[in-house]
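Structural features, examined
Listed below, chain by chain, are the residues.
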Amino acid sequence: MSSAAAEAATRYQRTFHGRADQVAQVRRDLAAHLTGSPAAADTILIASELAANAIIHTQSRGSTFTVRCHASPGQVRIEVEDLGGPWRPRNPGDRPHGLDIIQALTGPDQWGTQATRTGGRTVWARLTW
């Protein structure tokens, strides 16, 4: 983003096929969208993890999932909406998971999940600088 663009809010949204090869496309799209953002690398990592989770752990596998990104001065919010499925909390003593990485990047209370009206789920994360 140029200096002027960095001051303006930008939005990105795209629906992807629920296939593993689409995670790389998510990364490419967001890299292009967030050019010049100080949080681009962390946002792309988070989106990659959330997209992979949607494909591996939800009913989006073989169907679709949607990625949204809203960047504004000093912050970016990334969301991945999947088609739902059971949410399995981590067992104590399990090895760290991608969501642990997301929390380490965002800080406490800067990521979460919410149900959609259609029975799916949106997992979101916010980065600030």
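Conventions we followed
Residues numbered from 1 in each chain as written. Predicted model: local features only at pLDDT ≥ 70, side-chain atom pairs only at ≥ 80, totals over all residues. Heavy atoms only, no water. Buried < 20%, exposed > 50% of the residue type's maximum accessible area, 1.4 Å probe, protein only. Helix = DSSP H or I, 4+ residues; strand = E, 2+ residues; numbered from the N terminus. Arc of directions from axis to C-beta. Contact = heavy atoms within 4.5 Å. Phe/Tyr/Trp six-rings, centres within 6.5 Å; stacked < 30°, edge-to-face > 60°. Pairing = 2+ DSSP bridges. Axes fitted to C-alpha atoms, helices over the stretch in contact; angles between N-to-C directions. Parallel < 35°, antiparallel > 145°, perpendicular 65-115°, else oblique. Left-handed = near helix turned anticlockwise from the far one by under 90°.

Some remarks on helix α4 (residues 98-106)
Owing to its 3.6 residues per turn, the α-helix aligns residues three or four sequence positions apart on the same side. When we look at burial in α4, the residues that qualify are G98, L99, I102 and T106. The buried residues of α4 occupy one face: seen down the axis, they fall within an arc of 100 degrees. Those residues of α4 hidden inside the fold are in contact with α3 (40-57), β4 (111-115) and β5 (121-128). Of the residues trailing α4, G107 is marked for its positive phi of about 95 degrees.

Regarding the packing of aromatic side chains
If you walk through the whole model with that rule in mind, you get 1 aromatic pair. Between the aromatic rings of F16 and F65, the centroid separation amounts to 5.5 Å while the plane-to-plane angle is 20 degrees, which identifies the pairing as stacked. With F16 in strand β1 (residues 10-17) and F65 in strand β2 (residues 64-72), this residue pair connects regions lying 49 residues apart in the sequence. As far as the burial class goes, F16 and F65 line up, both buried.

Looking at the sheet that holds β4
Spatially, 5 strands are ordered β1-β2-β3-β5-β4 in an open sheet, and the strand pairing comes out antiparallel. Taken across any chain shown, the strands that pair with only one partner, and hence form the sheet edges, are β1 and β4. Averaged over neighbouring strand pairs, the angle between their axes works out to 15 degrees when direction is ignored. Where β2 lies against strand β3 (residues 75-82), 7 bridges are found, and the strand directions are antiparallel. Its bridge partner being in β3, C69 is matched across the sheet by I78. Against the sheet, helix α2 (residues 22-33) touches β1, β2 and β3, its axis set at about 165 degrees to β1. Along the sheet, α4 contacts β4 and β5; its crossing angle with β5, the most-contacted strand, is approximately 35 degrees.

What to know about the packing of α3 against α4
The N-to-C vectors of α3 and α4 enclose an angle of 155 degrees; their axes lie 10 Å apart at closest approach. As judged from the angle between their axes, α3 and α4 are roughly antiparallel. At the point where α3 passes α4, the crossing takes the left-handed sense. Residues D42, L45, I46, E49, L50 and N53 of α3 lie in contact with α4, whose contacting residues are G98, L99, I101, I102, L105 and T106.

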